[in-house]
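Per-entry structural report
What follows is the residue order along each chain.
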Amino acid sequence: MGKKLQTLEGHKPGQANTPLSRPAHALSYDKVIGELGCNPENGLSSSEATKRHEQYGNNDLGEDAGVQPGKILLRQVANAMTLVLILAMGVSFGIQSWIEGGVVTAIILLNIIVGFVQEFHAEKTMDSLRSLSSPTATAVRDGKTITVPTIEVVPGDMVELKTGDTVPADVRLIEAVNFETDEALLTGESLPVGKDADAEFDDDTGPGDRLNVAFSSSTVTKGRARGVVFATGMYTEIGSIAMSLRDKGSRRRSVKRKEDGSAGPHRYLQAWGLTGADAVGHFLGVNVGTPLQKKLSRLALLLFGIAVVCAIIVLAANEFSNDQEVIIYAVATGLSMIPASLIVVLTITMAAGTKRMVQRNVIVRNLKSLEALGGVTDICSDKTGTLTQGKMVAKKAWIPAKGTYSVGTTGSPHDPTVGTLHFTPKSPSQIDTEKGGEASTKEQLLEKNTHLLEYLKVASLANLAHVHRNEEEGGWNARGDPTEIAIQVLASRFGWNRLDHTTGENVAWKQLAEFPFDSDVKKMSVIFEEVATSQKYAFTKGAVERVIYSCTSLFNDEDTPTEMTDAIRKDILKNMEALASHGLRVLALASKPWEGTITKGEEVDRSKVEEGLTFRGLVGLYDPPRSESADAVKQCHKAGIQVHMLTGDHPGTARAIAEEVGILPSNVATLAKDVMDAMVMTASSFDKLTDDEVDALPLLPLVIARCAPNTKVRMIDALHRRKAFAAMTGDGVNDSPSLKRADVGIGMGTGSDVAKDASDIVLTDDNFASILNAIEEGRRMFDNIQKFILHLLAQNIAQACILLIGLVFKDSTNLSVFPLSPVEVMWIIMVTSSVPDMGLGFEVASPDILSRPPQNLKRGVFSLEVLLDMVVYGLWIAALCLASFTLVLSGFGDGNLGSNCNDSYSESCDTVFRARATCFACLTWFSLFLAWQMIDMRRSFFRMQPGSRLYFTQWFHDVWRNKFLFYSICAGFITIFPVLYIPLINDVVFKHKGISWEWGIVFIATILFFAGIESWKFAKRQFFKRKDRKRGIRRGSVDIEQRTFERYLSTAISTDDEKA
């Protein structure tokens, strides 16, 4: 669906996909809506949108070539690792070693086929995820405001635009308030263009003058708008010139020139040299991809160097003999050190990880963040809609001249007809906030109540939300910001719905101007004209501390206004604190008659509008915490991650919610004063501190209230100075700097496109718990990458040690008798590496993944533990394999090394061939079983689930859970028997013989293999337990809150002791 090929044949500029009677800019918006067949209030139905998507295709410019199998295949062939194998194949055939050359050819083909199939699936996964991370649009469908991917926008969609959005398609505007867009991409005009929804233009008006149209790909720089999509994809204005805008980019380095444009020959030579170096680096993979991909590419190069050294050692040990078998053995020894599947397995693991994240409501926009998530030590989160549900209900309204109005419990937050109304003449500071007073009807409360009426005018009109009844389905729908929806529902309870007074044939109120919410002034205002009296009014709502200083009067009784004084402001703040202490978000409402004039095209001085206001009252909004937030915060603390809440709310509201979800300790009152003051701060207090003063705080604030965008940036910088690795959430345009500055920027699915573009990951459900999901997935992926790297490199060490130490076995001709034949080495590489390692990449998270501290990203996957494990496991496997070879050869055999046993079978070589088969069986099994041991790097293979009661069979459930790994190991386990016992294949190709009693040695060695690995893991567990005890880290039944905050509690105790 949606892949319909778009053709521009016969299309005229300004027209829709299916031509309208005239271009959209030449028609009134009512006619455009009519011809496109959509509902201006409820938008398209979901079924109609799907139908139109099938009809018109994707809303894109056709630039994405999608998955290209040819390029994927080329990447499998033309890479450094494959070319090394091809070189080995060439050497084998060059010295007429046909069997070995054939085996290397098989390895190459297997690597190419497996790599192609897996990477093709990975690319398809990434391609499908790419659309999820693309810009989104806010559309109205089925009467509800939803977020849809831009490519799914269709002609007839009603879309809403706000500052920071990217316009999803060509839109005929219906409503535009202070609306400006940046159209530089389309017209080259550097200044934003103001729009006028009511204007109509001639058919041949150029794009730059179509002021009633918002063009696809332009960015909203100011205001808000609503409109209907009339052209998508290649039918948009940007689509018609898309070919000239496409830039394929060049990998050629530019020549450095002098001011006059000339350049010397050395500059051309420099540019060519750098271009060549870039090409080589790109081919080798050391300068493309994520940091981890580059690091592993450099590791592969290092191992290639070691492989060359190993090959030289083999030749030197045999006095650089030109014997065919010595040369091919040297090649095999070199190949044993080269992890041919390393980068492919990493790519597949990361693709699988991104797919899992989507299932957990996280979209990865930047692959680097996958590596970074596991190291996050601090999360800076917004409150509204992230820690809370974002479904606000106006619970309290306080009007100084009357008293406090309350709304009872309601299960339908958008339905103004549900929920009882209560009234008490007391102020919030004088009453129990849980008790609302006597129940009343709206008619009783409105009777002769001019103060309530003036309050409702502000609540309804200084508000951009739409709350309306859905006539088709019944019930109520709401569109807009959750805060404004809640206030609009409150006004609607008293019959003051904005739509009733501002729309229809005989409107009572006409909007003249709008001043959107600004994070600096923390207010929004509108100017309306009452049609019946022609009187203009300014209505303002915003943060209480800001609004009360814009007010000069209020009504404390029925008739006369009182001058606003500091004492009254103090009383208002006291009432605000009373509401905020119960977790209510509190806003102030104010208004005044306005005598100014508004001239089209001229700016109105906002500061003049928002002064001399009359205070009308407070509104208290309750946004309940998400049910999963408290558990998610607790889990973060358990995982060693500190949670900070940065919110625009009042300190009292922020503190109440923070205590409820566990960001602040429940016994905060017992803390030392300096710690308590540092835990909860306002942005103004935090911003006043110098960097040195911030660094001197006992801890960085866990809650910052009234937070401004620049405060977030300072918080990130402060965390970085404390060597923290920080994640930051954001949804607004102004959040972009902090999202960029954070180690992991987390955008919100409902946020602005600008914020999403600046982020590394996007939460599709805006839920704090999804951040924890992302961190868990990041840690899981980090663990799995460590597992398969450890498995791969431990095998390499084991093989290299066996092959190099085995050089000491010399026959009568003074040539080494190899414990493993070259074909055996290549077979083990083919069977035990790439496919099991892919299985390890798909492994689920270990049970304690969120009980461990964050990973050290400076050290990366190559931690000291991994490096030590690599050496220990490699040497242990090598020791067992060489011991098994020696036992069969000399322990139970006669020690006869025969003659020419590297080349062909003879009676004198029977013992060597049987010893070689035993060594081959041991190494194959150990390499496969090591993959199972890597499922958990510390826990016993037989006890990977600590809480399980399946004491003897739990290991089987663990290996069966990852079926890809299970079947890949079983396949490798079974294939050893045909190559041991089928004639010609065993003695001619593999140069070993079928074994009988030697299986006893293999089984004993296998038991010793498991015993050795289990002993090493046991020793590691004991070591880390002691290390934790020394560092004072307690795990298990210790209270999480006590563990998280105990260092601050101890500060309080010591302070109290000092006072005593």
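Quick summary incoming for the structure in this document. (Residues numbered from 1 in each chain as written. Predicted model: local features only at pLDDT ≥ 70, side-chain atom pairs only at ≥ 80, totals over all residues. Heavy atoms only, no water.)

Considering the overall build of the chain
Across its full length, the chain holds 38 helices and 28 strands. By residue count, 54% of the 1060 residues in the chain fall in the buried class. Summarising the internal contacts of the chain: among those between residues at least 6 apart in sequence, 71% fall at separations of at least 24. (Helix = DSSP H or I, 4+ residues; strand = E, 2+ residues; numbered from the N terminus. Buried < 20%, exposed > 50% of the residue type's maximum accessible area, 1.4 Å probe, protein only. Contact = heavy atoms within 4.5 Å.)

A word on the pairing of strand β22 (residues 613–622)
Most of β22 is tucked away: nine of the 10 residues are buried. In the sheet, strand β10 (residues 393–399) pairs with β22 via five bridges, with the strands oriented antiparallel. Bridge assignment links lysine 396 to a residue of β22, and that residue is glycine 620. Inspection of the sheet shows strand β19 (residues 551–555) paired to β22 by three bridges, in the parallel sense. (Pairing = 2+ DSSP bridges.)

Looking at empty space enclosed by the protein
Within this structure, the stated rule accounts for eight cavities of 30 Å³ or more. The volume enclosed by the second largest cavity comes to roughly 80 Å³. Along its surface, the second largest cavity is lined by 15 residues, and Thr136, Ala137, Thr138, Lys162 and Asp165 are the ones closest to its centre. When residues of the lining of the second largest cavity are sorted by domain, at least three fall in each of domain 1 (29–65 + 133–244) and domain 3 (362–387 + 626–766). (1 Å grid on protein atoms, 1.4 Å probe; cavity = no way out; pocket = protein on both sides within 12 Å on 5 of 7 lines; lining within 4 Å. Points joined across faces, edges and corners; volume = space filled by probe spheres on them. Domains from an automatic or database assignment.)

A closer look at the pattern of salt bridges
In total, this model carries 40 salt bridges according to the counting rule given. The partner of arginine 210 in a salt bridge is glutamate 237, and the shortest N-O contact between them spans 3.1 Å. Placement of arginine 210 in the loop between β5 (193–194) and β6 (213–214) and of glutamate 237 in helix α7 (residues 237–240) is noted, with a sequence separation of 27 residues between them. The structure contains a network of salt bridges with shared partners spanning Arg356, Arg360, Glu776, Glu777 and Arg780. (Salt bridge = Lys/Arg side-chain N within 4 Å of Asp/Glu carboxyl O.)

Some remarks on a nonpolar patch on the surface
On the surface, a cluster of nonpolar side chains totalling about 500 Å² of accessible area is made up of Phe942, Trp955, Phe956, Trp960 and Tyr967. The leading source of residues in the nonpolar patch is helix α34 (residues 954–961), at three residues. Considering the arrangement of structural elements, one finds tryptophan 955 in helix α34. (Patch = residues over 30% accessible without salt bridge, like charges linked within 9 Å, V, L, I, M, F, W, Y side chains within 5 Å. Areas by Shrake-Rupley, 256 points an atom, 1.4 Å probe, with all protein chains shown as cover.)

Some details on the state of the cysteines
Per the stated rule, a full pass over the model turns up one disulfide. At a sulfur-sulfur separation of 1.9 Å, the disulfide partner of cysteine 901 is cysteine 909. Taking the torsion about the sulfur-sulfur bond, which here is approximately -90 degrees, the covalent link between cysteine 901 and cysteine 909 counts as left-handed. By the burial criterion, cysteine 901 is buried, and cysteine 909 matches it. Cysteine 919 takes part in no disulfide bond, and the closest cysteine sulfur, belonging to cysteine 881, lies 4.8 Å away. (Disulfide = S-S within 2.5 Å.)

With respect to the sheet that holds strand β28 (residues 761–763)
Pairing within the open sheet is mixed, and its eight strands lie in the order β8-β28-β27-β26-β9-β23-β25-β24. What marks the edges here is a single partner per strand, and that holds for β8 (362–364) and β24 (680–682). Direction aside, neighbouring strands of the sheet carry axes that sit 20 degrees apart on average. Across three bridges, the pairing between β24 and strand β25 (residues 703–705) is parallel. Paired with methionine 681 across the strands is isoleucine 704, a residue of β25. Across the sheet, helix α22 (residues 651–661) lies against β23 (642–646), β24 and β25, angled at about 155 degrees from β25, the strand it touches most. (Axes fitted to C-alpha atoms, helices over the stretch in contact; angles between N-to-C directions.)

Here we look at unusual backbone geometry
If you check the backbone angles, aspartate 142 has positive phi at about 55 degrees while not being a glycine. Along the chain, aspartate 142 falls in the loop between β1 (136–141) and β2 (144–149). By relative accessible area, aspartate 142 is classed as partly exposed at 25%. A positive phi is found at serine 534, a non-glycine position, where the angle reads about 60 degrees.

As for the pairing of β2
For β1 and β2, the ladder comprises six bridges, and the chain directions are antiparallel. When the sheet's bridge partners are listed, arginine 141 is paired in β2 with lysine 144. Hairpin connection of β1 to β2: two residues between the antiparallel strands, including aspartate 142 at a positive phi of 55 degrees.

What about the packing of helix α29 (residues 768–805) against helix α33 (residues 910–933)?
The geometry of α29 relative to α33 is characterised by a closest axis approach of 10 Å and an angle of 165 degrees between their N-to-C directions. Relative to α33, the element α29 lies roughly antiparallel. Considering only the axes of α29 and α33, their crossing is right-handed. Along its contact with α29, which presents His791, Ala794, Gln795, Gln799 and Ile802, the element α33 presents Cys919, Leu923, Ser927, Leu930 and Ala931. Here the residues of the contact of α29 with α33 are counted per class, giving six nonpolar, four polar and no charged. (Parallel < 35°, antiparallel > 145°, perpendicular 65-115°, else oblique. Left-handed = near helix turned anticlockwise from the far one by under 90°. Nonpolar A, V, L, I, M, F, W, Y, C, P; charged D, E, K, R; others polar.)

As for the side chain of lysine 991
One can find lysine 991 in the loop between α36 (985–989) and α37 (998–1030). One polar contact links the side chain of lysine 991 to the main-chain carbonyl oxygen of valine 988, over a distance of 3.3 Å. (Polar contact = N/O pair within 3.5 Å; in protein donor to acceptor, adjacent residues only side chain to side chain.)

Focus on the side chain of threonine 205
Structurally, threonine 205 can be placed in the loop between β5 and β6. The class of threonine 205 is buried, set by a relative accessible area of 13%. Here the side chain of threonine 205 touches aspartate 202 through a polar contact of 2.8 Å, landing on its backbone oxygen. Once residues lying within four places of it in the same chain are set aside, the contact partners of threonine 205 are His25 and Arg210.

What about α34?
Where α34 is concerned, the buried positions are Gln954, Asp958 and Val959. When α34 is viewed along its axis, its buried side chains cluster within an angular range of 130 degrees and face the same direction. Looking at the packing, one finds that the buried side of α34 touches α33 and α35 (963–981). (Arc of directions from axis to C-beta.)

A look at the nonpolar core
The nonpolar side chains of a soluble globular protein tend to be buried with one another. The biggest cluster of nonpolar side chains holds 176 residues, and the ones touching the most others in it are Ile663, Phe768, Ile789, Phe920, Phe926, Trp932 and Phe1009. The element that contributes the greatest number of residues to this core is α29, accounting for 20 residues. Among the nonpolar cores identified, the runner-up in size contains 31 residues, and Tyr405, Leu452, Met524 and Leu587 belong to it. (Core = buried A, V, L, I, M, F, W, Y, C linked by side-chain atoms within 4.5 Å.)

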